[in-house]
Amino acid sequence: MNVKIADNHFVAIDYRLTLESGEEFDRSAEGAPLGFVTGTGSIIPGLESALAGKSAGDSFKVTIEPEAGYGPVQKELLQAIPRDRFPTDVEITPGMSFHARGPRGPVALTVVSVDQEQVNVDLNHPLAGKRLTFDVKVQEVREPLPHEVPAVSSGCGCGPQEQSACGCASGDPGAPSGCGSGGGCGCG
């Protein structure tokens, strides 16, 4: 029986994620496809939509616009933080990533610029505002086992408007993160 992907199915995929520049941002580890239950917010909406109706063995390439991925860049998430709120024993440079505690838990932030008084940071998800291209091979589609069904959601609960509160991405644009590294948190 050839099961097609629909909500509440366990799906395992091999994927490669590239940015518009062609740079590889993330990929599933060889021999370790990303597994998740559909309809639970475990992956970005655009990729989940592209998977609908596919079966094990299907391969495809899809480009996801920001609105169906990690959302647009939100200017209000570009913030200035006083320099004295950062470790004094660390030279802070643009591109560095830090994790801080926000009102809803850990928050990843990336340094945009720094001067003597303040550090300008970006709290957007590293993939916010970016077109994402996925090369996907569906490895498995089946009914989920009881322990695979999330109680509420296997994602961290952040949607495009709450990416900054997620804290599940590494915050390092060059590090593997994106659509599921480290357990498929759902936003990075």
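Refer to the structure printed above.
Trainee: An account of the pattern of salt bridges is needed here, citing residue identities and associated values.
Mentor: Enumeration over the complete set of coordinates arrives at six salt bridges. In this structure, Arg131 engages Glu20 in a salt bridge whose closest nitrogen and oxygen atoms are separated by 3.4 Å. Of this pair, Arg131 sits in the loop between strand 8 (118-122) and strand 9 (132-142) while Glu20 sits in the loop between strand 1 (10-19) and strand 2 (24-27); the two residues are 111 residues apart in sequence, bridging distant segments of the chain. The class of Glu20 is exposed, set by a relative accessible area of 60%. As a salt-bridge pair, Arg142 and Glu140 come within 2.7 Å of each other at their nearest N and O atoms. A residue is classified by how much of its surface remains accessible, and Arg142, at 22% relative accessible area, is partly exposed. What you see here is one network of salt bridges that share partners, running through Arg16, Glu24 and Arg27.

Rules used throughout
Residues numbered from 1 in each chain as written. Predicted model: local features only at pLDDT ≥ 70, side-chain atom pairs only at ≥ 80, totals over all residues. Heavy atoms only, no water. Salt bridge = Lys/Arg side-chain N within 4 Å of Asp/Glu carboxyl O. Helix = DSSP H or I, 4+ residues; strand = E, 2+ residues; numbered from the N terminus. Buried < 20%, exposed > 50% of the residue type's maximum accessible area, 1.4 Å probe, protein only.

Read these as geometric descriptors, not functional statements.
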